[in-house]
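So the chains spell out like this:
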Amino acid sequence: SHEVTIDQEQIDWFENVVKTHPASEGWRIFVFTHAPPNGSGLRVLQENHVVNGCCWLNHSNENQCRKFIELVREHRCIKAWFS
């Protein structure tokens, strides 16, 4: 598989960063990843998805896959996500 995988240690680090840098204190976080978070509404290239089957971050791990979009929805300091 060519899945874009972020390990639990990195997920925990990212969650800590967004929790400790709230928008209410003026923080603006821009995220750059190779693949988009599932649930973002971003389209993937269908021909890549059909061939690869895992075009979103941590696609094969449902809990981790969902975690990214949950963090975006919860933490308003994340202003943009580029992938």
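About the cut-offs
Residues numbered from 1 in each chain as written. Predicted model: local features only at pLDDT ≥ 70, side-chain atom pairs only at ≥ 80, totals over all residues. Heavy atoms only, no water. Helix = DSSP H or I, 4+ residues; strand = E, 2+ residues; numbered from the N terminus. Buried < 20%, exposed > 50% of the residue type's maximum accessible area, 1.4 Å probe, protein only. Contact = heavy atoms within 4.5 Å. Areas by Shrake-Rupley, 256 points an atom, 1.4 Å probe, with all protein chains shown as cover. Pairing = 2+ DSSP bridges. Phe/Tyr/Trp six-rings, centres within 6.5 Å; stacked < 30°, edge-to-face > 60°.

## Observations concerning the overall build of the chain
Within the chain, the regular secondary structure consists of three helices and two strands. Along the chain, helices (α) and strands (β) appear in the sequence α-β-α-α-β when read from the amino end. By residue count, 36% of the 83 residues in the chain fall in the buried class. Considering only intrachain contacts with a sequence separation of at least 6, the fraction spanning at least 24 residues in the chain is 67%. Of the accessible surface of the chain, which amounts to about 5700 Å², a share of 51% is contributed by carbon and sulfur atoms.

## Focus: the pairing of strand β1 (residues 29–32)
The alternating pattern of β1 places Ile-29 and Val-31 on a buried face and Phe-30 and Phe-32 on a face that is not buried. Sheet topology note: the β1/strand β2 (residues 78–82) ladder contains four bridges and is parallel. Directly across from Val-31, in β2, lies its bridge partner Trp-81.

## Some thoughts on the packing of aromatic side chains
Think of a pair of aromatic rings as described by two things: how far the centres are apart, and how the planes are tilted against each other in angle. With the rule as written, the count across this model stands at four aromatic pairs. Seen from their ring centres, Phe-14 and Trp-81 are 5.9 Å apart, and the 80° between their planes marks the pair as edge-to-face. Of the two residues, Phe-14 sits in helix α1 (residues 8–20) while Trp-81 sits in strand β2, which places them 67 residues apart along the sequence. Residue class for Phe-14 comes out buried when judged on its relative accessible area of 12%. The exposure class assigned to Trp-81 is buried, which follows from its relative accessible area of 16%. Their ring planes at 80° and their centres at 6.3 Å tell us that Phe-68 and Trp-81 sit as a pair that is edge-to-face. One end of the pair, Phe-68, is in helix α3 (residues 62–74); the other, Trp-81, is in strand β2, and 13 residues separate them in sequence. Using a relative accessible area of 2% as the deciding quantity, one classes Phe-68 as buried. Three or more aromatic residues joined by ring pairs make a cluster, and in this case those are Phe-14, Phe-68 and Trp-81.

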